[in-house]
Structures are given as structure tokens and as C-alpha cells.
Amino acid sequence: MYLKFKTVKLHSQSIKLYQMNMYAFLVVSVINLSVGTSSTITEKYYEELIRQRTAEAESYNLPTTNDEFKPGVQSKTTHDYGSYDFVIVGGGSAGSVLATRLSEIDSYKILLLEAGGEEDDFSQIPSMFFHLFFSKMNWGYFSTPQTTCCLGMKNRACAVPRGKALGGSSAINAMMYARGNRYDFDEWVELGNPGWSYEEVLPYFIKSENSQVDGDPDYHGKTGFWNVAYTSPASPLLSKFFNASLQMNQPIVDYNGRKQIGSGRVQFTIKRGKRQSTGKAFLDNARQRRNLEVKSNVLVTKIIIDKTKVAKGVEFVTKHKKFFVKAKKEVIVSAGVVNSPQLLMLSGIGPKDHLKALEIGVVEDLPVGMNLREHALFPGLVYNTNYTLSNRSTEEFVKQYLKGLGTYTRAAGIDGIGFIHTGQGNRAPTIEYLFVPPTGIKTKIVSKAFNYNDNLSNNFLNKLDPQRGVVIHLILLHPKSRGRITLKSNDPLDFPYVDLNMLSEQEDIDTVIEGIEFIRDIFQSDAFKKIDARPLEIPVCKELRKQYREYWECVIRQMTTTIYHPHGTTAMGPDKKTSVVDGDLKVHGIQKLRVVDAGIFPTSPSGHLNAPTVMVAEKIADIIKRKYRFS
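So, the nonpolar core
Soluble, globular proteins show a tendency: their nonpolar side chains are buried together.
Here is step 1 of the chain: Ranked by internal contacts, the top residues of the largest apolar core, which has 198 residues, are Phe378 and Leu593.
Here is step 2 of the chain: A total of nine residues in this core trace back to one element, the largest contributor, which is helix H18 (residues 610-627).
Here is step 3 of the chain: Residues in contact with Leu593, not counting those within four places in the same chain, are Ile303, Ala311, Val331, Val333, Leu344, Ile349, Leu585, Lys586 and Val587.

Next up, the structure:
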């Protein structure tokens, strides 16, 4: 029999009630195993889980500070937490990989510190990734009010979700595995970072991967921890997307293989239809090792650096106590693109004028937080069609999901991907586009995730027909615009300021317009004419419609958001005036301190950030092992 849950009041009620309900439910599941109803019990569990958690997300208010750690920060007593060879700050995409690889050496003693907690059954459902933005798994950052982008968002602020859980942002992202282009990494070498060419980093991409895709030989791994697969079955409209792309001279490619420019099926970091974060894929293989301690739900507040500029360890707090832990070999900061620069600056490493203004003693004057880049996402190419997806219930979606199939296995409904090069030359692509066929799921969570104002929410995205609507998202891959992360104060409880400053360079606008023209031509192809694809009316900038470029520039500035790919805030390079870390990711001027996460990217990859972040962690783990000769 099915035990019905009590209604859970959303987020204001104790989570214990929710956990008790789940526990009772699982007890009934076990009892019913003997009478052959286990599959039904599992289905009902997921149906109720999805209903409750989606309702919670729709009413959830994101935090604005780290006040949950306030008693620990204000504690007058600092407790000794002992010593470790390596202290890794952040158990995210890079930190989980580093902890896993370094703990392969039995003689190393490693402490991994993570501000968030564990993933759960709901976070494993790929289609629910937008809902995870409105949960304790997201730090809850927003940009400062913008003047060149995000103008159609509430408070002119774009959302900047960052993962706060073991697995980090790989625990809440869209799971798309897109490494980038060979020219991206060759450019890193040209900028003075030896060892980072495509030929040198490709083995590390391959090392991590357990590929299930029919990709180009010699470009994919089959024995790594990280599963990469297609969703199944493909949308019936995917063939139309491919046919339209072929009409535009876009070949069908393995975009992680020999050639990137073209279109293809999206490769996801999923396993049997469920999310595979780095926490699941890597860390779960290492957590039972005796030389690795994983401590979650703690906030690192400061790196302790002595007068000779040697990192000695870190201070961290639980929700009630303060601790100091010593690092005998190194402190490795993998707290992410927002939190790593925040921690460095709180520790006296950053722009000296900014630190002095906040009464933080300057240890090393470096451009921390500068060079913030983001892949701008334009979601305004939305079309309704005469194709109709059959109606399906949550129960049917769940049954498919539990078999590793269907809509729930696909993040945001995305099924196809493409890359084009605009402008002169023929090197790395400049635009990425993502094909979203009808999903059959009606939700308002996307508008909330984009932080759209009432006009764009009510009169645009919420008018998309989930049975007939088709979307192609457009992504600017190599922005010229730069933003910045700065501290609000010298208090670690305060969120930092995130100034995206996207589209501040006219060249970025021009490139996006070229991409829009390409996508509009796709929708004019015979393949989409056959399903009568008609654009959804955009409810902004109507007064400019007769002025083509002015109109599209206005629309782009109103509607463009981020694809949640911030990077570059602790950039790698040889010159301490323009970079924060060297080619081995050691912080300039400080001994025994590295930064290892997407903040070190000196330029923007032509893809998504999770795959290259894991590659970086794999490579640095080997560099560290060689340095200490396994001692």
C-alpha cells in the first residue's frame, strides 16, 4: 500500500518532518518488497518527492548572507583541528577530483572542506536542475544591478547560481559535457602558460571519461570515473534540427572529437539517466580511504599566511565553533569562481587599494577578482509549431526516468547542440546554440531562474506551449567584456559583489546579432517550415522594430542572461600584474598556496566549464604528485 505524506509547509517548516515522512515511506517500501510492489512504491516515492520539491522551489527565497555560520564566526575560541599534508578548500568540481586523486597516495593525509552538504535523490533528476537553484544547494548569488545587460530582470540583476554541495556546481548544473576547442588551450600556451596545449591536456580529458557515446576514436576515454552519455530516446524533432543544420552547411559532428564546428547530440555527464556530479563520480570512490577526511557544512574564513608569505593552513567555522587546521604541504583553494577570490581577498591577497579601503592587511597585491568573464545566453528565439507532443503525466515521466529514459533525464529539455564561427578566420567557434524541443512540462521555474521581471515572465516565457514550443538558446563563447568580483566588507558572512558587465563591448553585441541571424535562418529551413515554426512575440523594445540593429541590440540587453559559466577571476599567467597564479596554479608571491578551479582560465573556452575544470584538477593532481615524489 502507499503511505500518503502529510503536506510539508515550504521551507519554513523543519526539514525533520520531511525526513521523517521519507523514512516512514521507505519503511513501507521495504515491507511491500515481500508482496511484489517495490517498483510501485519507488514510483510513488519519486512522484511525491518531485511534487514537494518543485513546490518548495517555487516559493523558496534565496539567502543574501552566510548568516547560518554567524555563531561560528563570532566565536572567541579557536580550536586546533590538527595537521594534514593537503587542505583542500571546496569539494566541488575541482576539489572532489583533487581529493580523489591525491588520496590515491597512501602516505598523503588530506582534509577536504566543503560549505554545503550531500546531494539527494531529487538532485539526481537532470530535468530538475533549475529547481535546484532554489534550494540549499545554491549559494544564492545575484549580480549587482547592470547597465549593459540583464535589463529585463528584477532589479536589473542576473542570477549567478553556484553549487553549495559536495560536487559543487556539478551538483546543480545542466550536465552538458563540452570540452572546448583545441585553439582555446593552444592560446593558453601562447599567453605564457607552458604545458597547457591541447595535445598536452587531451590525455587528462580522456583519463576522467567513461564515454558511452559513438564519438571519434582516440578522443574519448572508456575507463574513467565520469560517465558521459546521450539521453534516450532522442526527440522526434531532433532529426529536423539536424536537417536544418545541414541546410546551413553545418555537418553532424562529435563536438568533443576531431572537429567542433557543426551540430550533434548533447553529451551529458549522466549514468543510467541520473546526474553524475564529480562528488558522485569521483569522491564516492575515495571517501572510505583512511587518508582522506571529508568535512561538510563548514565555511573557510581565512587562509593563514605567515610573515615569510608561506600558507600555513586555514581558519574554518562550523555553525557553532571556529577551528584552525595546519597544512604541512599545501593549501589548495578550489572554492569556485566567486568564493575563491573572496577567500583570497579576505586573507590579504588581492588589489591593494580595494583591500586597504576595507581595512584588510595587504599580503600580496594581485588582480584577484578581475577578468571575470561569462558566456552570455540569449534565450529569445522561441517558436511555437504545429507539432504536438502527446500529453504525459508525472507518473509516466517517473516510470521512464526509473528506466533511465525520457524527459526527466534531459536537463532543461536540451537535446541538440551546435557551434558556428562568425566573422573572419576559421579557428574556434564564436557561437554555440542549444536545441530544446517540446518537453511536455509546464513550469514557471525557468522565468524565476532567469530572474525575469513580470513583463518577460508573463508575456514571453510563460506563453511557451510545452506541447508545441521549440527553443534555440544562443551562447556567446568568447566575450570581450570583462566584469569583476569585489568584497562588500571584511566580514566573511557578507556575500561579495558580482559585477558581470556583460555586453559592455559593442563587438559582443555584434557577434550575438550574427548568431541570431543564423538561428532565424535555421527556422526558415524546409525542416522547420514543415511544422509551421512561428516566433513567439517578444514583449520588449517594440518601438524599435523598424530599426533592425537597434531593435535587436535593445532586445539582447533586455533578455540576455548567463549560462552560469563565470570564469577568469584568478587567472593563470606569467605576469603578476595581469594574473593571480602561474602555470602550475601556484599563487604569485605566496608559497604552498594554489588555486584550482575555473577561476584560473585565462580565456574563455569554446564550450561548457565543467569538463575543462575537471581536466585542470586532473593535471594539477599529477603535478603535485611529481613535486612531492609520492612522499
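There's more to say after this.
Topic: unusual backbone geometry
Here is step 1 of the chain: Cis geometry marks the peptide bond from Ser232 to Pro233; its omega dihedral reads -5 degrees.
Here is step 2 of the chain: Mapped onto the elements, Pro233 comes out in the loop between strand E6 (226-228) and helix H8 (238-247).
Here is step 3 of the chain: Residues other than glycine seldom take positive phi values, yet Arg156 does so here, at roughly 50 degrees.
Here is step 4 of the chain: Inspection of the secondary structure assignment puts Arg156 in the loop between strand E3 (141-142) and strand E4 (159-160).
Here is step 5 of the chain: The exposure class assigned to Arg156 is partly exposed, which follows from its relative accessible area of 37%.
Here is step 6 of the chain: Notably, Glu359 is not glycine yet its phi reads approximately 60 degrees, a positive angle.
Here is step 7 of the chain: Note on placement: Glu359 falls in the loop between helix H11 (352-357) and strand E15 (364-365).

Thoughts on the confidence of the model for the chain
Here is step 1 of the chain: For the chain, mean pLDDT is 93; residues scoring 70 or higher make up 93% of the total.
Here is step 2 of the chain: Counting contacts from residues 1-36, a segment whose pLDDT is below 50, to residues more than four positions away or on other chains yields 44 contacts.

With respect to H8
For an α-helix, 3.6 residues make a turn, and residues three or four places apart therefore share a direction.
Here is step 1 of the chain: Taken as a whole, H8 has its buried residues at Leu238, Phe241, Phe242, Ala244 and Ser245. When H8 is viewed along its axis, its buried side chains cluster within an angular range of 165 degrees and face the same direction.
Here is step 2 of the chain: The secondary structure elements touched by the buried residues of H8 are strand E7 (262-265), strand E18 (416-420), strand E19 (431-436), strand E20 (469-476), helix H15 (506-523) and helix H16 (526-529).
Here is step 3 of the chain: Of the residues flanking the end of H8, it is Asn249, one or two places downstream, whose phi is positive at about 65 degrees.

Details of the pairing of strand E11 (residues 299-305)
Here is step 1 of the chain: In terms of residue burial, E11 counts as a mostly covered element, since five of its seven residues are buried.
Here is step 2 of the chain: Where E11 meets strand E12 (residues 311-317), six bridges bridge the pair, whose relative direction is antiparallel. Note that in E12 the partner of Val300 across the bridge is Phe316.
Here is step 3 of the chain: Counted between consecutive antiparallel strands, the loop separating E11 from E12 contains five residues, among which Lys309 sits at a positive phi close to 65 degrees.

What about the side chain of Asn210?
Here is step 1 of the chain: Within the element layout of this structure, Asn210 appears in strand E5 (residues 209-211).
Here is step 2 of the chain: Apart from residues lying up to four places away in sequence, Asn210 is in contact with Gly221, Lys222, Thr223, Gly224, Trp226, Asn227 and Val228.

Overview of the side chain of Arg179
Here is step 1 of the chain: On the secondary structure map, Arg179 appears in the loop between E4 and helix H6 (182-190).
Here is step 2 of the chain: Of the residues examined, Arg179 reaches a relative accessible area of 2% and is grouped as buried.
Here is step 3 of the chain: A polar atom in the side chain of Arg179 sits 3.1 Å from the side chain of Tyr177.
Here is step 4 of the chain: Excluding anything up to four places from it in sequence, Arg179 contacts Phe185, Leu202, Phe205, Ile206, Glu209, Tyr219, His220, Asn256, Ala611 and Pro612.

Observations regarding the state of the cysteines
Here is step 1 of the chain: Tallying each qualifying case throughout the model produces two disulfides.
Here is step 2 of the chain: Each sulfur of the disulfide joining Cys150 and Cys158 lies 2.1 Å from the other. Residues Cys150 and Cys158 are joined by a disulfide whose S-S torsion is about -105 degrees; by sign, that bridge is left-handed.
Here is step 3 of the chain: A sulfur-sulfur distance of 2.0 Å marks the disulfide that ties Cys541 to Cys554. On the sign convention where negative means left-handed, the S-S torsion of about -75 degrees between Cys541 and Cys554 marks this disulfide as left-handed. Placement of the pair is Cys541 in the loop between strand E23 (534-535) and helix H17 (548-559) and Cys554 in helix H17, with a sequence separation of 13 residues.
Here is step 4 of the chain: On the basis of relative accessible area, Cys541 is assigned to the buried category, the value being 7%.
Here is step 5 of the chain: Free cysteine Cys149: the closest other cysteine sulfur is in Cys150, separated by 3.6 Å.
Here is step 6 of the chain: You can call Cys149 buried: its relative accessible area is 0%.

Thresholds applied
The residue numbers shown here count from 1 along each chain, following its written sequence. pLDDT decides what is reported in this predicted model: residues at 70 or higher carry local features, side-chain atom pairs at 80 or more are listed and counted, and totals for whole chains, interfaces and linings draw on all residues regardless. Heavy atoms throughout the structure, all of them, feed into the side-chain values; hydrogens and water do not. Put simply, buried Ala, Val, Leu, Ile, Met, Phe, Trp, Tyr and Cys residues joined by side-chain atoms within 4.5 Å make one nonpolar core. Throughout this description, buried means an accessible area under 20% of the type-specific maximum (1.4 Å probe, protein chains only), exposed means over 50%, and partly exposed covers the range between. A run of DSSP states H or I qualifies as a helix once it reaches four residues; a run of E qualifies as a strand once it reaches two. Both are numbered from the N-terminal end. Residues are treated as being in contact if the distance between any of their heavy atoms lies within 4.5 Å. Within a predicted model, pLDDT stands for the predictor's per-residue confidence, ranging from 0 to 100. For this quantity, the arc is that covered by the directions from the helix axis to the C-beta atoms. Pairing between two strands requires that DSSP report at least two bridges joining them. The term polar contact refers here to a pair of N or O atoms within 3.5 Å; inside protein, the definition further demands a hydrogen-donor-capable atom paired with an acceptor-capable atom, and it admits residues adjacent in sequence only when both atoms are side-chain atoms. For this text, the term disulfide refers to a pair of cysteine sulfurs within 2.5 Å.

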